[in-house]
Amino acid sequence: MADQTHVLFVEDDDVIREATQLALERDGFVVTAMPDGLSGLEAFRADRPDIALLDVMVPGLDGVSLCRRIRDESTVPVIMLSARADSIDVVLGLEAGADDYVTKPFDGAVLVARIRAVLRRFGHAGGGDRTEPVASTAGGVLSFGDLEIDTEGMEVRRAGQPVALTPTEMRLLLEFSSAPGTVLSRDKLLERVWDYGWGGDTRVVDVHVQRLRTKIGQDRIETVRGFGYKLKA
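Only a predicted model underlies this, so the values are computations on that prediction, with no experimental measurement involved. (Residues numbered from 1 in each chain as written. Predicted model: local features only at pLDDT ≥ 70, side-chain atom pairs only at ≥ 80, totals over all residues. Heavy atoms only, no water.)

## Examining the nonpolar core
No. 1: Membership of the largest hydrophobic core comes to 50 residues, with the highest contact counts inside it found for Leu 54, Met 80, Ile 149 and Phe 176.
No. 2: In this structure Leu 54 touches Val 10, Gly 63, Leu 66, Cys 67, Ile 70, Val 78, Ile 79, Met 80 and Leu 81, once residues within four positions along its chain are discounted.
No. 3: Listed in part, the 17 residues of the second largest apolar core include Val 7, Val 31, Ile 79 and Phe 122. (Core = buried A, V, L, I, M, F, W, Y, C linked by side-chain atoms within 4.5 Å. Buried < 20%, exposed > 50% of the residue type's maximum accessible area, 1.4 Å probe, protein only. Contact = heavy atoms within 4.5 Å.)

Take a look at the structure:
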């Protein structure tokens, strides 16, 4: 995978940018490294990379705004880089459409693992081997009220209108639709959707659930306090 993967890396710190670029290239990635948001946006439009790594605090066009601009044009996976795990910038980045984030300073091996985890789930948006969803089906289409999920064509419609989901949102919806009415914990969703074999930040789940709700209906996914979320059958 890595020898064919093009990474856009936007980071204004020269030392971090150069060291990270070298580390990723040693792992076989092709890297375009840019020092600010505006040049990063130009590079994204020119090169159409496979994944974008965006530092939150870059000049010209900050990482959150850059993520939002990228998301307006593409569903390419985006990982935000933040200097503080408890920063509001993490949530803002996820709300802007980022799929994951990594806290600085980071270990190169950890960053590579997270990149590959994101790319795996984007390359297999159907979720891999999963129990078949229990729902009204017809030709691979699941129906939940006015919500229709085409698990073969990877398309979603609400009241007959197409719903644009990112691959991460689609994976999340497929997990819920595979067990409607069943509560899925945040940790279980991190494991299945984000491919975390280790503990992760549950804010990633919460923000993506909220983003999904705005697209398929606020009342379609129910919060079960203290336990997780479930899709209303």
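## With respect to the pairing of strand β2 (residues 30-34)
No. 1: Note that strand β1 (residues 6-10) and β2 share five bridges and pair parallel. Its bridge partner lying in β2, Phe 9 is registered against Ala 33.
No. 2: A crossover connection joins β1 to the parallel β2 through helix α1 (residues 14-26); in handedness this β-α-β unit is right-handed. (Pairing = 2+ DSSP bridges. Helix = DSSP H or I, 4+ residues; strand = E, 2+ residues; numbered from the N terminus. Right-handed = clockwise from strand over helix to strand, strands pointing away.)

## Points about the environment of Ser 178
No. 1: Tracing the backbone through its elements, the reader meets Ser 178 in the loop between α6 (167-177) and α7 (186-193).
No. 2: The sequence separation of Ser 178 and Leu 142 amounts to 36 residues, and the corresponding C-alpha distance is 9.6 Å.

## Let's talk about the packing of helix α2 (residues 37-47) against helix α3 (residues 63-73)
No. 1: For the pair α2 and α3, interaxial distance at closest approach is 10 Å and the crossing angle is 20°. The angle between α2 and α3 places the two elements in the roughly parallel class. Helix-helix and strand crossings are classified by hand; for α2 and α3 the assignment is right-handed. Contact with α2, carried on its side by Gly 37, Gly 40, Leu 41, Phe 44 and Arg 45, involves Leu 66, Arg 69, Ile 70 and Glu 73 of α3 and no other residues of that element. (Axes fitted to C-alpha atoms, helices over the stretch in contact; angles between N-to-C directions. Parallel < 35°, antiparallel > 145°, perpendicular 65-115°, else oblique. Left-handed = near helix turned anticlockwise from the far one by under 90°.)

## Quick notes on α1
No. 1: Given a rise of 1.5 Å per residue, 13 residues ought to cover 18 Å, and the 18 Å separating the end C-alpha atoms of α1 matches this to within 8%.
No. 2: The N-cap residue of α1 is Asp 13: its side-chain oxygen and the backbone nitrogen of Val 15 are 3.0 Å apart.
No. 3: Once α1 ends, the next one or two residues include Gly 28, with phi positive near 95°. (Expected span 1.5 Å × (residues − 1). Polar contact = N/O pair within 3.5 Å; in protein donor to acceptor, adjacent residues only side chain to side chain.)

## Description of the packing of α6 against helix α8 (residues 203-216)
No. 1: α8 packs onto α6 with a crossing angle of 85° between their chain directions and a minimal axis gap of 10 Å. As judged from the angle between their axes, α6 and α8 are roughly perpendicular. On α8, the residues that touch Thr 168, Glu 169, Leu 172, Leu 173 and Phe 176 of α6 are His 208, Val 209, Arg 211, Leu 212, Lys 215 and Ile 216.
No. 2: Per-class residue counts for the contact of α6 with α8 are six nonpolar, two polar and three charged. (Nonpolar A, V, L, I, M, F, W, Y, C, P; charged D, E, K, R; others polar.)

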